[in-house]
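Summary of the model geometry
Take a look at the letters that make up each chain.
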Amino acid sequence: MNCIFCKIAAGEIPATIVHQDEHVVAFRDLNPQAPTHILIIPRRHIATVNDLAEADAATVGRLFLAARRIAAELGFAADGYRLVMNTNAAAGQTVFHIHLHLLAGRNFAWPPG
Ligand code: AMP
């Protein structure tokens, strides 16, 4: 499978990894949209939210628990941060391995663009 995020999770291509464990890898986005922009992915390949099964509930939960941990470690938990997961073309998904964007370090507008 030719998935760039699977390759990052496997250590086959470089990334600035900020957290990893048995299930989850978190690394800095190459094209940051905020002073802190981290992508949190499951090691296991899941293309989009549309492909999630009931059995993936714990996997998705771990993405959010990793976000909570990183926010605390990097010191922006109290100020606030934004978590985003884009799905398919209308939302602008470009990498088809689910990833939770963790954005922090500035104020974010709502509604989003
Ligand atoms: P999305 O548009 O939600 O699919 O987000 C994909 C994100 O992956 C974008 O913010 C890209 O900047 C980021 N990205 C793509 N390739 C890499 C890479 N090799 N390392 C880090 N971030 C990447």
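To be clear, the structure that these remarks concern was listed above.
This one's a predicted model, so the numbers in the text were calculated from it and none came from an experiment. (Residues numbered from 1 in each chain as written. Predicted model: local features only at pLDDT ≥ 70, side-chain atom pairs only at ≥ 80, totals over all residues. Heavy atoms only, no water.)

**Overview of the overall build of the protein**
Basically, it comes down to this: Secondary structure elements are taken from DSSP: a helix is a run of H or I of four residues or more, a strand is a run of E of two residues or more, and numbering for both begins at the N terminus. Contacts are assigned to residue pairs with any non-hydrogen atoms lying within 4.5 Å of each other. Here the accessible surface of atoms and residues is derived via Shrake-Rupley with a 1.4 Å probe, and residues count as covered only by protein chains that are part of the display. Positive charges are assigned to Lys and Arg, negative charges to Asp and Glu, while His and the chain termini are left out of the count. Working definition for charges: the position is that of NZ of Lys, CZ of Arg, CG of Asp or CD of Glu.
On a plain count of helices and strands, the protein comes out with 3 helices and 5 strands. Its helices and strands taken in sequence order, the protein reads α-β-β-β-α-β-α-β from the N to the C terminus. Across its three principal axes, the protein shows a C-alpha extent of roughly 35 × 30 × 30 Å. Pairs at least 24 apart in sequence give 53% of the contacts found in the protein among residues at least 6 apart. Counting only carbon and sulfur atoms, one obtains 54% of the accessible surface of the protein, whose full area is about 6700 Å². The distance from the centre of the 9 positive side-chain charges to the centre of the 9 negative ones in the protein is 4 Å.

**Section: the site of the ligand**
The cut-off we apply is this: It suffices for a single heavy atom of a residue to lie within 4 Å of a molecule or strand for the residue to be listed as near it. In the analysis that follows, any N or O atom pair within 3.5 Å is treated as a polar contact, provided that within protein one partner can donate a hydrogen and the other can accept it, and provided that, for residues neighboring in sequence, both atoms belong to side chains. Asp, Glu, Lys and Arg are counted as charged, while Ala, Val, Leu, Ile, Met, Phe, Trp, Tyr, Cys and Pro are counted as nonpolar; the rest, among them Gly, fall into the polar class.
Around the ligand, the surrounding shell holds 16 residues, and the nearest of these are Asp29, Asn86, Gly92, Thr94 and His101. At 2.8 Å from an oxygen atom of the ligand is found a side-chain nitrogen or oxygen belonging to His101. When the free accessible area of the ligand is taken as 510 Å², the share hidden by the protein chains comes to 84%. Broken down by secondary-structure element, the contributors of at least two residues to the shell around the ligand are helix 1 (4-9) and strand 2 (24-28). The leading source of residues in the shell around the ligand is helix 1, at 3 residues. Among the residues making up the shell around the ligand, the classes are represented as 7 nonpolar, 7 polar and 2 charged.

**Focus on the environment of Val24**
Selection rule: Only protein chains enter the accessibility calculation, which uses a 1.4 Å probe; a residue is then buried when its area is under 20% of its type maximum, exposed when over 50%, and partly exposed in between.
As for its position among the elements, Val24 is in strand 2. The class of Val24 is buried, set by a relative accessible area of 1%. Measuring from C-alpha to C-alpha, the distance between Val24 and Pro42 comes to 4.5 Å, with 18 residues separating the pair along the chain. When near neighbours in sequence (up to four residues on either side) are disregarded, Val24 contacts His19, Ile40, Ile41, Arg43, Arg62, Leu63 and Ala66.

Geometric values such as these leave the question of function open.
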